[in-house]
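# What the coordinates show
The lines below spell out each chain.
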Amino acid sequence: MHVYPYLNFNDGRAEAALNFYREALNGEIAILMRYADAPKDVPSMGDINPNWIMYARLVFGANALMISDTDRPASPSQQISLSINLDGDTAAAEKVFAALSQGGQVTLPLHKTFWNALFGCFSDKFGVNWMINCQL
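Only a predicted model underlies this, so the values are computations on that prediction, with no experimental measurement involved.

This paragraph deals with the overall build of the protein chain. Helix and strand counts for the protein chain stand at two helices and eight strands. N-terminal to C-terminal, the α/β element order of the protein chain is β-α-β-β-β-β-α-β-β-β. Here the protein chain holds 136 residues, and the buried ones make up 38% of them. Of the contacts formed within the protein chain by residues at least 6 apart in sequence, a portion of 53% connects residues at least 24 apart. About 8200 Å² of surface is accessible on the protein chain, with carbon and sulfur atoms providing 52% of the total. Taking the 9 positively charged and 13 negatively charged side chains of the protein chain as two groups, their mean positions are separated by 2 Å.

Rendered as structure tokens:
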């Protein structure tokens, strides 16, 4: 059993987010389906833009992010953060932190902690909260 975060974006921003996360996480787009790709016999989804992403799956390592556009209001919750945990690879932690936080807001710079790890927090340019934790 696996649990994967599913990110919904407004205003057609899912494709920009998908490409940003693909590059920052050195990931691969495993699935990309636009609303226009839905079978014609599926009930109407309203006036949603057919070029928007209905479903995308980005894989990186053993992880995945699910991403889509929605016409419903969707804003990241301040109670949820996505946590990336690395074992001993400080260079990878620094690289991922720098890539994902680019254009966002760092709330806690990546630094050595009392629990013997590099740790930092930020919200990315799409408002999604992230934590990077690297055991030393």
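What follows picks up the thread again.
A separate point is the nonpolar core. One finds Phe9, Tyr21, Leu25, Leu65, Ile67, Leu100 and Trp130 to be the most contacted residues of the largest nonpolar core, which totals 30 residues. Among the elements of the structure, β1 (6–9), α1 (14–24), β3 (53–60), β4 (63–69), β5 (82–87), α2 (90–101), β7 (117–123) and β8 (129–135) are those that each provide at least two residues to this core. Of the residues forming this core, the biggest block, six residues, is contributed by α1. In this structure Phe9 touches Ala14, Ala17, Tyr21, Ile67, Ser68, Asp69, Thr70, Phe126 and Val128, once residues within four positions along its chain are discounted.

Before going further, it helps to spend a moment on the packing of aromatic side chains. Counting across every chain of the model gives nine aromatic pairs. Pairwise contacts between aromatic rings join Phe9, Phe20, Tyr21, Phe126 and Trp130 into one cluster. Across the ring face of Tyr4, the terminal group of Arg57 is positioned such that the distance to the ring centre comes to 5.9 Å.

When pLDDT is averaged along the protein chain, the result is 90, and 95% of the positions lie at 70 or above. Across the protein chain, the secondary-structure element scoring lowest on mean pLDDT is β1, at 90, and the one scoring highest is α1, at 97.

Moving on, we get to the sheet that holds β7. With mixed pairing, the four strands of this open sheet are ordered in space as β5-β8-β7-β6. At either margin of the open sheet sits one strand with a lone partner, and together these are β5 and β6 (105–112). This sheet shows a mean twist of 10 degrees between the axes of neighbouring strands, independent of strand direction. Where β6 lies against β7, five bridges are found, and the strand directions are antiparallel. Counterpart to Leu108 in the pairing with β7 is Cys121.

What follows deals with α2. Here α2 contains 12 residues, and its C-alpha end-to-end distance of 16 Å stays within 8% of the 16 Å for a straight helix at 1.5 Å per residue. Among all positions of α2, only Ala92, Ala93, Val96, Phe97, Leu100 and Ser101 are buried. Angularly, the buried residues of α2 cover 140 degrees about the axis, an arc narrow enough to put them on a single face. Across from the buried face of α2, at angles greater than 90 degrees, the exposed residues are Ala91 and Lys95. Check the buried side of α2 and you find it contacts α1, β5, β6, β7 and β8. Directly beyond the C-terminal end of α2, a positive phi value near 85 degrees is found at Gly103.

Cut-offs applied
Counting from 1, residues in each chain are numbered in the order their sequence is written. For a predicted model such as this one, the threshold for reporting local features is a pLDDT of at least 70, and the threshold for listing and counting side-chain atom pairs is 80 or more; totals across whole chains, interfaces and linings nevertheless cover every residue. With hydrogens and water stripped out, all remaining heavy atoms of the structure feed into the side-chain values. Each helix is a run of DSSP H or I of at least 4 residues and each strand a run of E of at least 2, with the numbering of both proceeding from the N terminus. Here the term buried applies to any residue with accessible area under 20% of the maximum for its type, exposed to any over 50%, and partly exposed to those in between, with areas from a 1.4 Å probe on protein chains only. Contacts between residues were defined by any pair of non-hydrogen atoms, one from each residue, lying within 4.5 Å. Per-residue and other accessible areas were derived by the Shrake-Rupley procedure at a 1.4 Å probe size, with only the shown protein chains allowed to occlude residues. Think of it this way: Lys and Arg go in the positive column, Asp and Glu in the negative one, and His and the chain ends go nowhere. A charged residue contributes its charge at one atom only: NZ of Lys, CZ of Arg, CG of Asp or CD of Glu. Throughout, nonpolar core names a set of buried Ala, Val, Leu, Ile, Met, Phe, Trp, Tyr and Cys residues whose side chains join them through atoms within 4.5 Å. Side-chain rings of Phe, Tyr and Trp (the six-membered ring for Trp) are treated as a pair once their centres are within 6.5 Å; stacked means planes under 30 degrees apart, edge-to-face means over 60, and tilted covers the remaining angles. We call a charge positioned above a ring when the Lys NZ or Arg CZ atom is no farther than 6 Å from the ring centre and deviates by at most 35 degrees from the ring normal. By definition, pLDDT measures how confident the predictor is in each residue, and it falls between 0 and 100. When DSSP locates at least two bridges between a pair of strands, those strands are taken to pair. Fitted lines through C-alpha atoms give the axes, limited to the stretch in contact for helices. The angle between two N-to-C directions lies from 0 to 180 degrees. To estimate how far a helix should reach, multiply one less than its number of residues by 1.5 Å. Arc definition: it is the arc formed by the directions from the helix axis to the C-beta atoms.

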